[in-house]
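Structural description and commentary
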Amino acid sequence: MRATLIHNPGAGDARHPTAGQIEALVKEAGYKVRYQSTKEKGWTKALKKGTDMVIVAGGDGTVSKVARRLIGSGCPIGVLPVGTANNISRTLGIADVPLHYLIRTWKNARHLKFDAGVVTGPWGERHFIEGVGTGLLASSINELEDNKTLENLKDTGIKVTYAQQIFREQLDECPAMKIQAELDGEDISGSYLVFEVLNMSYIGPNLFLAPDTVRNDGKFDVVLLAEKDRGKLQDHIKGWQEGKPWPPEFGARRGSRLKLEWTGFPIHIDDKLWPNGEKKKKPRPPATIDLKVEPRALEFLVP
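Anyway, here's the lowdown on the structure attached to this text. (Residues numbered from 1 in each chain as written. Predicted model: local features only at pLDDT ≥ 70, side-chain atom pairs only at ≥ 80, totals over all residues. Heavy atoms only, no water.)

Quick notes on the overall build of the protein chain
Within the protein chain, the regular secondary structure consists of 8 helices and 20 strands. Taken along the three principal axes of its C-alpha coordinates, the protein chain extends 55 × 40 × 35 Å. Here the protein chain, with 303 residues, has 51% of them falling under the buried criterion. Intrachain contacts of the protein chain at a sequence separation of at least 6 include 74% that bridge at least 24 residues. On the protein chain, the mean spot of the 43 positive side-chain charges and the mean spot of the 38 negative ones are 7 Å from each other. (Helix = DSSP H or I, 4+ residues; strand = E, 2+ residues; numbered from the N terminus. Buried < 20%, exposed > 50% of the residue type's maximum accessible area, 1.4 Å probe, protein only. Contact = heavy atoms within 4.5 Å. Lys, Arg positive; Asp, Glu negative; His and termini not counted. Charge placed at Lys NZ, Arg CZ, Asp CG, Glu CD.)

A closer look at the packing of helix H7 (residues 156-173) against helix H8 (residues 230-241)
Running from N to C, H7 and H8 cross one another at 165 degrees; their axes reach a closest spacing of 10 Å. The angle between the axes of H7 and H8 places the two elements in the roughly antiparallel class. The interaxial crossing formed by H7 with H8 has left-handed handedness. Two secondary-structure elements touch here, H7 through Thr161, Gln164, Gln165, Phe167, Arg168, Leu171, Asp172 and Glu173 and H8 through Arg230, Leu233, Gln234, Ile237, Lys238, Trp240 and Gln241. When the residues that make up the contact of H7 with H8 are grouped by side-chain class, the tally is 5 nonpolar, 5 polar and 5 charged. (Axes fitted to C-alpha atoms, helices over the stretch in contact; angles between N-to-C directions. Parallel < 35°, antiparallel > 145°, perpendicular 65-115°, else oblique. Left-handed = near helix turned anticlockwise from the far one by under 90°. Nonpolar A, V, L, I, M, F, W, Y, C, P; charged D, E, K, R; others polar.)

Overview of the sheet that holds strand S18 (residues 267-269)
Through backbone hydrogen bonds, the strands of a sheet pair up, either in parallel or in antiparallel fashion. Strands sit in the order S16-S15-S12-S7-S18-S19 across an open sheet of 6 strands; the sheet is antiparallel. Strand pairing shows two members of the sheet lacking a second neighbour, strand S16 (253-255) and strand S19 (272-274), which therefore form its edges. Going from strand to strand, the sheet's axes swing by 20 degrees on average, the running direction of each strand aside. Where S18 meets S19, 3 bridges bridge the pair, whose relative direction is antiparallel. Looking across to S19, one finds that Ile267 is bridged to Trp274. Strand contacts of helix H5 (residues 136-146): strand S7 (131-135), strand S12 (194-198), S18 and S19, with the helix running at about 90 degrees to S7, the strand carrying the most contacts. (Pairing = 2+ DSSP bridges.)

Notes on helix H2 (residues 60-70)
If you check which residues of H2 are buried, you get Asp60, Thr62, Val63, Ser64, Val66, Ala67 and Leu70. If you follow the buried residues of H2, they end up packed against strand S1 (2-7), strand S3 (53-58), strand S4 (77-81), helix H3 (87-92) and strand S20 (287-302). Among the residues trailing H2, Gly72 stands out with phi positive, at a value near 80 degrees.

What follows is the structure, encoded as structure tokens:
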């Protein structure tokens, strides 16, 4: 069986296997492997070559990049969670499964169909795998990316805990934002600390906001946290850090089409912030951002 192995050698920490070790484990399981590092220019060309499955060894960013390019292809994806947060793997229930065991199960694994998202705005049209949102998470992305201490931490567990602490500190000061939005024709406008349209149970630094996510029902989970929920979210993050991961009832809504009026606030699409500040010509508000579901667009291999 042919397998294309897409690997991010910069993901994770020293406890994770090297590129050579991962490739050896896959070959030992009986696969003919084509290895491709994401650090090499033009790595996406490897996804256009014939294969029976695609293996992704990396974190959420790498998995999302690969998955977006495989939407609608019918090609099964085997994820090896060697990143920091591993939100996608946690949603799939494989984040803590040993890599050598995962690899051995693929030939007889369940093929889980998973929805993908499509978001259209001033940037054009993009697919997303994890989620789209604004408020606290979007406003914290630059702080997390620019934090030198976080950047220099090598242990992934400590890194997640430290990121959560930054997030808690940001939550203390984050104001609620006025949002105009419509979900399946229903007005859900209001002032929110967190406004997240989720395709996965986890987002950001392992924030477990949508425990009841259904992977292929053609609907998003929409988490709306207002000022009254500030303390509840603080307690949830603290509880996660103390090993009590199950979230309080945040009251997520479900829907298949969402329209959001953009008035200039930052918005994240998976782990990328928009507007990103690098474009010479910035878009001018107001504009409508439209989100919809692409049902059963992806296929993941799960034991």
